[in-house]
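# A structural walkthrough
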Amino acid sequence: MVLSAAGQHLLRVSRPGAWGQHLLRVSRPGAWGQHLLSGIGSVSTTAKGFQEKEIREKLQAFPGGSIDLVKQESGIAVLTVNNPARMNAFSGSMMVELEERVSQLEEWTEGKGLIVQGAAGTFCSGSDLNAVRAISNPQDGMKMCMFMQNVLTRLLRLPLLSVALVEGSALGGGAELTTACDFRLMVPGGMIRFVHKHMGLVPGWGGAARLVRIVGSQNALKMLGGALKVDPEMGLQIGLADGVLEGSLDGSGANALLEAEQWLGCYTTGPASVIRAIKKVVVSGRELPLEVALRTERDVFGTVWGGPANLQALASKAKHK
Ligand SMILES: CC[C@H](C(=O)O)C(=O)SCCNC(=O)CCNC(=O)[C@H](O)C(C)(C)COP(=O)(O)OP(=O)(O)OC[C@H]1O[C@@H](n2cnc3c(N)ncnc32)[C@H](O)[C@@H]1OP(=O)(O)O
């Protein structure tokens, strides 16, 4: 649903108000909230000009690297962008794998948190330029963009508190990936940089829309217009980074990951049902018109009220000093 709406908007750029009209034309106020709550389904195959099967096949023609997922007992999963020979650039097959990993996370009912990291001490250098060169015509570029926009929207909407662990560089599409997480933790020496302007582009994976919501339009304009190198200090200053870690002791990235797990653990302690409900009400508050968000909040409230965690807290006569 979201992809087809966004896709229609992308295909009808001559009518700038199309997306806004879509927001106003939600006929059943609860429908969108329900849609967010139940998780977004697979990419639409009926959207005009967008065929999921076709784009998946096209992307698979550019193999290399992997997207690795480890779901841990703690309820925190670790997703690793793994293509170190190309500074963790996204090959076509990695884009397809990312979609598959997001689907697995959508099914993971015990999950509470997610850390997205890059392999071998660097985050991600965006799209694989070899693939980009091969699909540099507007039609293919648009299809890849719609595919990634949909995947990253689903990533951000997972009922998990997510963190991008930025060690080394997050460039281009890599910078966009960091904005598809709820939080960003940076390691000294790390950098987030939207290099799109230097590529004659703007972000297309939803990174600009998300960036504006994170740092405001002034800072987003500066970051995109200047292709600014955002280091941890600047990241904290403009609200892009939520914390700075000490980082690797041995260059393996293990220490940064442990630190990130500890940081995230402060927010994911507790029953999965409650943590997931927290994320759902925040996503609806962040994305939906107020009336719909309020309705969604009521629905989510109904899932935890009188639930095991609620009854246990009542029985223990908890005090919150
Ligand atoms: C902009 C929009 C678009 C999207 O949103 O889809 C993109 O993301 S396009 C990609 C944007 N990213 C770049 O343009 C990165 C270009 N690369 C660099 O700036 C540097 O390689 C850097 C800073 C990542 C690392 O520099 P360093 O000196 O530390 O290492 P090397 O340059 O020697 O890189 C090692 C090795 O990795 C290859 N590499 C790096 N990034 C990419 C990439 N995005 N695609 C393909 N290959 C990449 C680089 O070519 C080197 O390979 P080698 O075979 O040794 O030449």
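- Per an unreviewed UniProt entry, the chain carries the name Ethylmalonyl-CoA decarboxylase and comes from Salmo salar.
- What UniProt records for the chain under Function (unreviewed entry) is the sentence "Decarboxylates ethylmalonyl-CoA, a potentially toxic metabolite, to form butyryl-CoA, suggesting it might be involved in metabolite proofreading. Acts preferentially on (S)-ethylmalonyl-CoA but also has some activity on the (R)-isomer. Also has methylmalonyl-CoA decarboxylase activity at lower level."
- Listed in UniProt under the heading Sequence similarities (unreviewed entry), the comment for the chain reads: "Belongs to the enoyl-CoA hydratase/isomerase family."

### Observations regarding the overall build of the chain
- Looking only at helices and strands, the chain features 14 helices and eight strands.
- Within the chain, the fraction of its 321 residues that count as buried is 49%.
- Of the contacts made within the chain by residues no fewer than 6 positions apart, 71% connect residues no fewer than 24 positions apart.
- Carbon together with sulfur atoms contributes 57% to the accessible area of the chain, which is approximately 15,500 Å² in total.

### A short note on the packing of aromatic side chains
- Summed over all chains, the structure comprises five aromatic pairs.
- Aromatic pair F183 and W263: ring centres 5.0 Å apart, planes at 75°, arrangement edge-to-face. Taken as a pair, F183 in strand β6 (residues 183–186) and W263 in helix α11 (residues 254–268) lie far apart in primary sequence, 80 residues in all.

### What to know about the environment of W305
- Position of W305 relative to the elements: it lies in the loop between α13 (290–304) and α14 (308–315).
- Put simply, W305 and D140 are 165 residues apart on the chain and 48 Å apart in space, counted from C-alpha to C-alpha.

### Quick word on the packing of helix α4 (residues 52–60) against helix α7 (residues 138–157)
- Relative to each other, α4 and α7 sit at 100°, their axes nearing to 10 Å. When the axes of α4 and α7 are compared, the pair comes out roughly perpendicular. The segment α4 lies against α7, with E54, I55, R56, K58 and L59 engaging D140, K143, M144 and F147.
- By residue class, the composition of the contact of α4 with α7 is four nonpolar, no polar and five charged.

### Some remarks on the pairing of strand β2 (residues 76–82)
- Across the seven residues of β2, six count as buried, placing the element largely inside the fold.
- Here strand β1 (residues 66–71) runs beside β2; their pairing, made up of six bridges, is antiparallel. By the bridge assignment for β2, S66 is matched with N82.
- As consecutive antiparallel partners, β1 and β2 are separated by four residues, and within that stretch G75 has a phi angle of approximately 90°, a positive value.
- Two strands pair when backbone bridges link them, and β2 and strand β3 (residues 113–118) are joined in this way by six bridges, in the parallel orientation. The residue bridging A77 from the neighbouring strand is L114, located in β3.
- Regarding the hand of the β-α-β motif, the stretch spanning β2, helix α5 (residues 92–107) and β3 is right-handed.

### Structural notes on unusual backbone geometry
- Positive phi, close to 60°, is recorded for N88, a residue that is not glycine.
- Position of N88 among the secondary structure elements: in the loop between β2 and α5.
- The phi torsion at A227 lies on the positive side, around 45°, for a residue other than glycine.
- If you trace the backbone, A227 turns up in the loop between α9 (207–225) and α10 (232–238).

### Digging into the sheet that holds β6
- Across the sheet, six strands lie side by side as β1-β2-β3-β4-β6-β8; this open sheet has mixed pairing. With one partner strand each, in any of the chains shown, β1 and β8 (243–244) form the two edges of the open sheet.

### Comments concerning the nonpolar core
- Membership of the largest hydrophobic core comes to 47 residues, with the highest contact counts inside it found for F90, L98, L114 and I192.
- Apart from the residues lying within four places of it in its own chain, the contact partners of L98 are I67, L79, F90, M148, V151 and L152.
- Ranked by size, the runner-up nonpolar core spans 15 residues in total, among them I115, V163, A260 and W263.

Conventions adopted
- Throughout, a residue's number is its position along its own chain's written sequence, starting from 1.
- Only residues with pLDDT of 70 or above have their local features reported here, since the model is predicted, and side-chain atom pairs are shown and tallied only from 80 upward, although totals for entire chains, interfaces and linings are computed over all residues.
- Hydrogen atoms and water are omitted, and side-chain values are computed over all heavy atoms in the structure.
- UniProt positions are given in the numbering used here, feature names are shortened, and annotations may be inferred rather than shown by experiment.
- Numbering goes from the N terminus for both helices and strands, where a helix is a DSSP run of H or I of at least four residues and a strand is a run of E of at least two.
- Three labels apply to residues, based on accessible area from a 1.4 Å probe with only protein chains included: buried if under 20% of the type maximum, exposed if over 50%, partly exposed otherwise in between.
- Contact criterion: two residues are considered in contact whenever any of their non-hydrogen atoms come within 4.5 Å of each other.
- Per-residue and other accessible areas were derived by the Shrake-Rupley procedure at a 1.4 Å probe size, with only the shown protein chains allowed to occlude residues.
- Two aromatic rings, drawn from Phe, Tyr or Trp (for Trp, its six-membered ring), form a pair once their centres lie within 6.5 Å of each other, and the interplanar angle then sorts them: stacked below 30 degrees, edge-to-face above 60, tilted otherwise.
- The convention used is that axes are lines fitted to C-alpha atoms, helices contributing only their stretch in contact, and that angles between N-to-C directions extend from 0 to 180 degrees.
- Angles are sorted into four bins: roughly parallel if under 35 degrees, roughly antiparallel if over 145, roughly perpendicular if 65 to 115, and oblique for all others.
- As a working rule, the residues Ala, Val, Leu, Ile, Met, Phe, Trp, Tyr, Cys and Pro are called nonpolar, Asp, Glu, Lys and Arg charged, and the rest polar, with Gly in that last group.
- Two strands make a pair as long as DSSP finds a minimum of two bridges between them.
- Seen with its strands pointing away from the viewer, a crossover is right-handed if its path from the first strand over the helix to the second goes clockwise.
- The set of buried Ala, Val, Leu, Ile, Met, Phe, Trp, Tyr and Cys residues whose side-chain atoms join them within 4.5 Å is what this entry labels a nonpolar core.

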